[in-house]
Amino acid sequence: MIIVSACLFGLNTKYDGKANAHALIQKYSSQGKFIPVCPEQLGGLTTPRFPVEIIAGTGQDVLAGRCMVKGELGEDVTQQFIQGAKETIKIGEMVKVTAAILKERSPSCGVNTIYDGTFTHRILLGQGVTAAILKESNIPIYSEEELTEENLIKLLGDDT
Ligand code: SF4
């Protein structure tokens, strides 16, 4: 099985109650190899919810207790993000995931980049909290922005 950010799968899990439906994910969804996961919902946050960013750090820093995840007004959702990441790992272990395809720039799912915590759309190199815990667990992570039909077919083929 391959974990896929639920919003890429087409579910309305985004903070604003919308989706980021990805054409290739949708094209191959009937193969039954994707498991859609929204770590922020799994951590107990509501949808819609206020936007948040990792403040001055990366997902690895959040997991290590070095920085927090907050809304623009300082609302602290760090524990929900850590909880959602742990629940995602639990799902990964239960269904023996072989990879994860995740939404770039999300404070949970970002694979290569996240926003920098200033709420000014500036980006930072680094992973979101769930992407970081998946990587630490040696589950290969891929950004939807890097996804081609060729490499998706390969990922599906590797998942036997
Ligand atoms: Fe999508 Fe991940 Fe954000 Fe959930 S936490 S809405 S799956 S990017």
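Residues numbered from 1 in each chain as written. Predicted model: local features only at pLDDT ≥ 70, side-chain atom pairs only at ≥ 80, totals over all residues. Heavy atoms only, no water.

Undergrad: With reference to specific residues and values, describe the overall build of the chain.
TA: Helices and strands together make up the secondary structure of the chain, namely 7 helices and 8 strands. Projected onto its principal axes, the C-alpha positions of the chain cover 45 × 30 × 25 Å. Here the chain, with 160 residues, has 49% of them falling under the buried criterion. Across the chain, the fraction of contacts at a sequence separation of at least 24, relative to all contacts at a separation of at least 6, is 64%. (Helix = DSSP H or I, 4+ residues; strand = E, 2+ residues; numbered from the N terminus. Buried < 20%, exposed > 50% of the residue type's maximum accessible area, 1.4 Å probe, protein only. Contact = heavy atoms within 4.5 Å.)

Undergrad: How would you explain unusual backbone geometry if you had to name every residue and give the values?
TA: Residue Pro48 is bonded to the preceding Thr47 through a cis peptide linkage, with omega at -5°. Among the structural elements, Pro48 can be located in the loop between helix H3 (39–42) and strand E3 (52–54). If you check the backbone angles, Lys96 has positive phi at about 55° while not being a glycine. Mapping Lys96 onto the fold places it in the loop between helix H5 (78–95) and strand E5 (99–102). On the basis of relative accessibility, which here comes to 64%, the residue Lys96 falls in the exposed class.

Undergrad: Which residues make up the pattern of salt bridges, and what values do they have?
TA: Counted by the stated rule, this structure contains 9 salt bridges. A salt bridge links Asp61 to Arg66; the nearest nitrogen and oxygen atoms lie 2.9 Å apart. Judged by its relative accessible area of 18%, Asp61 is buried. (Salt bridge = Lys/Arg side-chain N within 4 Å of Asp/Glu carboxyl O.)

Undergrad: Go over the site of the ligand, please, and point to the residues and values.
TA: In the neighbourhood of the ligand, 14 residues make up the surrounding shell, with Cys7, Thr13, Cys38, Glu40 and Cys109 lying closest. For the shell around the ligand, the secondary structure elements donating two or more residues are helix H1 (6–9) and H3. For the shell around the ligand, the per-class residue count stands at 6 nonpolar, 4 polar and 4 charged. (Near = heavy atom within 4 Å. Nonpolar A, V, L, I, M, F, W, Y, C, P; charged D, E, K, R; others polar.)

Undergrad: Let's hear about the packing of H5 against helix H6 (residues 129–136): which residues, and what values?
TA: Viewed as axis vectors pointing N to C, H5 and H6 meet at an angle of 40°, and their least axial separation amounts to 9 Å. Considered as vectors, H5 and H6 are oriented oblique to each other. Note on packing geometry: the crossing formed by H5 with H6 is right-handed. Of the residues in H6, those in contact with Phe81, Ile82, Gly84, Ala85, Lys86, Thr88 and Ile89 of H5 are Val129, Thr130, Ile133 and Leu134. A per-class count over the contact of H5 with H6 returns 7 nonpolar, 3 polar and 1 charged. (Axes fitted to C-alpha atoms, helices over the stretch in contact; angles between N-to-C directions. Parallel < 35°, antiparallel > 145°, perpendicular 65-115°, else oblique. Left-handed = near helix turned anticlockwise from the far one by under 90°.)

Undergrad: So, the sheet that holds E5: which residues are in play, and what are the values?
TA: With respect to topology, 4 strands assemble into an open sheet ordered E2-E1-E5-E8, the strand pairing being parallel. Whereas interior strands pair on both sides, the edge strands pair on one side only; in this sheet they are strand E2 (34–37) and strand E8 (141–143). Neighbour-to-neighbour, the strand axes of this sheet turn through a mean angle of 25°, independent of strand direction. Along the sheet, H5 contacts strand E1 (2–5) and E2; its crossing angle with E2, the most-contacted strand, is approximately 165°. (Pairing = 2+ DSSP bridges.)

Undergrad: Describe H6, listing the residues and the values that go with them.
TA: Taking burial as the measure, the 8 residues of H6 include 6 buried ones, the bulk of the element. Where H6 ends, the next residue or the one after it, Asn138, has phi of about 65°, a positive value.

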